[in-house]
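Take a look at the letters that make up each chain.
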Amino acid sequence: MAVFDKIMEFTSKELLLRRAAELIVESCSAAAQPSINLTGGNTIGALYRLLATDYRAQIDWPHLIVTWGDERFVPRDHPDRNGAAAWRLLLDHVPVSPENIFEIPTDLGSAVAGAAAYEQTLHQLTRTKDLFDVTLLSLGDDGHVASLLPAQPVLRETQAWVAAVPHGRPEPRITLTYPALARSRRLLLIASGVAKSHVLREILAGSDQYPASHLHVDGELILLADGAALGA
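Let us look at the structure shown here. Predicted, not measured: the structure shown is a model, and the values here were computed from it. (Residues numbered from 1 in each chain as written. Predicted model: local features only at pLDDT ≥ 70, side-chain atom pairs only at ≥ 80, totals over all residues. Heavy atoms only, no water.)

1. What about the side chain of glutamate 119?
- Considering the arrangement of structural elements, one finds glutamate 119 in helix α4 (residues 111-125).
- Buried and unpaired, glutamate 119 has arginine 183 as its nearest opposite-charge partner, separated by 9.7 Å.
- Within the local environment of glutamate 119, its side chain forms a polar contact with the backbone nitrogen of tryptophan 161, the two atoms lying 2.9 Å apart.
- The contact partners of glutamate 119, leaving out residues within four places of it in the chain, are Ala160, Trp161 and Val162. (Helix = DSSP H or I, 4+ residues; strand = E, 2+ residues; numbered from the N terminus. Buried < 20%, exposed > 50% of the residue type's maximum accessible area, 1.4 Å probe, protein only. Lys, Arg positive; Asp, Glu negative; His and termini not counted. Salt bridge = Lys/Arg side-chain N within 4 Å of Asp/Glu carboxyl O. Polar contact = N/O pair within 3.5 Å; in protein donor to acceptor, adjacent residues only side chain to side chain. Contact = heavy atoms within 4.5 Å.)

In C-alpha cells:
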C-alpha cells in the first residue's frame, strides 16, 4: 500500500499545478546537478507549459538531466509520444543541454530492446548521481502510473529498472518499474479531475488493487490532488 509522506489538497487544478511547479523548483535547486523524470497526461502537459513560462527563470536548465518514466512504442515522430509532448510544451522553450536529455528509444526494433537500452542508460547515469531528484507521475483513471498497467506482469518486476509492456494498451509500452521509481528523492503523484475520484478514494482507504497503490520511494512520496479528484 502506498504511504504518502504528504497529501496536498487544492481547490482548483490551477493551484495544484503551481504548487507542483514550486516543488519541482525546490527539488532542482537543492541538487548540484538536478534531474527530473517526466511523464505524460493532459494535466502534466499543463504543468509543462507553466514550467516553461512562469517558472522558467527559477530552474538551472543547462545542467538539468531529463529522463522519462514511460513511453509508447511508436515512431519517434508520432504525436502521441510522451517525448513529443514534452518537447512541444517544455523542452523547446527552455535552454536544456541536448546531451542531458535521455529519451526512451523506440527505434530499436522491439519494446524489449528499447527497455534494455534505456536500463543501460539509467545505470550509466547512476554512476555520477542518485537517479531522480524529482519524478512526476499522473494518476490514471484505472489507477495506473507511468505504464504500470493493471493486471500486467510488469507489476511483479522486482529487479529490472525498465520493462516492456506488450499488452494492456493498443500499442506496446516501455516503462520504468517500481524499483526504478523508488530511486526518487521526491515523487509527485498528481491527481486531477472527477474521473480519478473513485480510484483515489480507494487508494487512500488502503486498497491494494491498483498499480498506484504500490508506489514507494527512497525519498519523499507526495500526493497532489484537486477537490474533484478527492470527491470534495
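And the narrative resumes.
2. Here we look at the pattern of salt bridges
- Within this structure, the stated rule accounts for 12 salt bridges.
- Arginine 169 is the partner of aspartate 142 in a salt bridge, and the nearest nitrogen-oxygen pair spans 3.0 Å. Taken together, the residues span a long stretch of sequence, with aspartate 142 in the loop between β5 (134-138) and β6 (162-165) and arginine 169 in the loop between β6 and β7 (173-176) at a distance of 27 residues.
- Note on aspartate 142: relative accessible area 27%, which makes it partly exposed.
- Among the charged side chains, a network of salt bridges with common partners joins Lys6, Glu26, Arg186 and Glu220.

3. Remarks on empty space enclosed by the protein
- Within this structure, the stated rule accounts for one cavity of 30 Å³ or more.
- As for the largest cavity, its lining consists of Ile24, Cys28, Ile36, Leu51, Ile59, Trp61, Leu64, Val66, Leu90 and Leu91.
- Class assignment of the residues belonging to the lining of the largest cavity gives a composition of 10 nonpolar, no polar and no charged. (1 Å grid on protein atoms, 1.4 Å probe; cavity = no way out; pocket = protein on both sides within 12 Å on 5 of 7 lines; lining within 4 Å. Points joined across faces, edges and corners; volume = space filled by probe spheres on them. Nonpolar A, V, L, I, M, F, W, Y, C, P; charged D, E, K, R; others polar.)

4. Quick notes on the side chain of serine 35
- If you trace the backbone, serine 35 turns up in strand β2 (residues 35-38).
- Overall, the relative accessible area of 2% leaves serine 35 in the buried class.
- Excluding residues that lie within four positions of it along the chain, serine 35 makes contacts with Leu64, Ile65, Lys129, Leu131, Phe132, Asp133 and Val134.

5. Focus on the nonpolar core
- Within the largest apolar cluster, 79 residues are counted, with the highest numbers of intra-cluster contacts made by Ile24, Leu47, Leu136 and Leu224.
- Per element, the largest residue contribution to this core is eight residues, and it comes from helix α1 (residues 13-29).
- Residues contacting leucine 136, with those up to four places away along its chain left out, are Ile24, Ile36, Asn37, Leu38, Thr39, Ile44, Leu47, Tyr48 and Leu188. (Core = buried A, V, L, I, M, F, W, Y, C linked by side-chain atoms within 4.5 Å.)

6. Observations concerning the sheet that holds β6
- With respect to topology, three strands assemble into an open sheet ordered β4-β7-β6, the strand pairing being antiparallel. For this open sheet the edge positions go to β4 (70-72) and β6, each flanked by a neighbour on one side alone. Sheet twist, expressed as the average angle between the axes of neighbouring strands with direction ignored, equals 15°.
- Pairing of β4 with β7, which is carried by three bridges, proceeds in the antiparallel orientation. When the bridges of β7 are listed, arginine 72 appears paired with arginine 173. (Pairing = 2+ DSSP bridges. Axes fitted to C-alpha atoms, helices over the stretch in contact; angles between N-to-C directions.)

In short, the description is geometric, and any link to function would need to be established separately.
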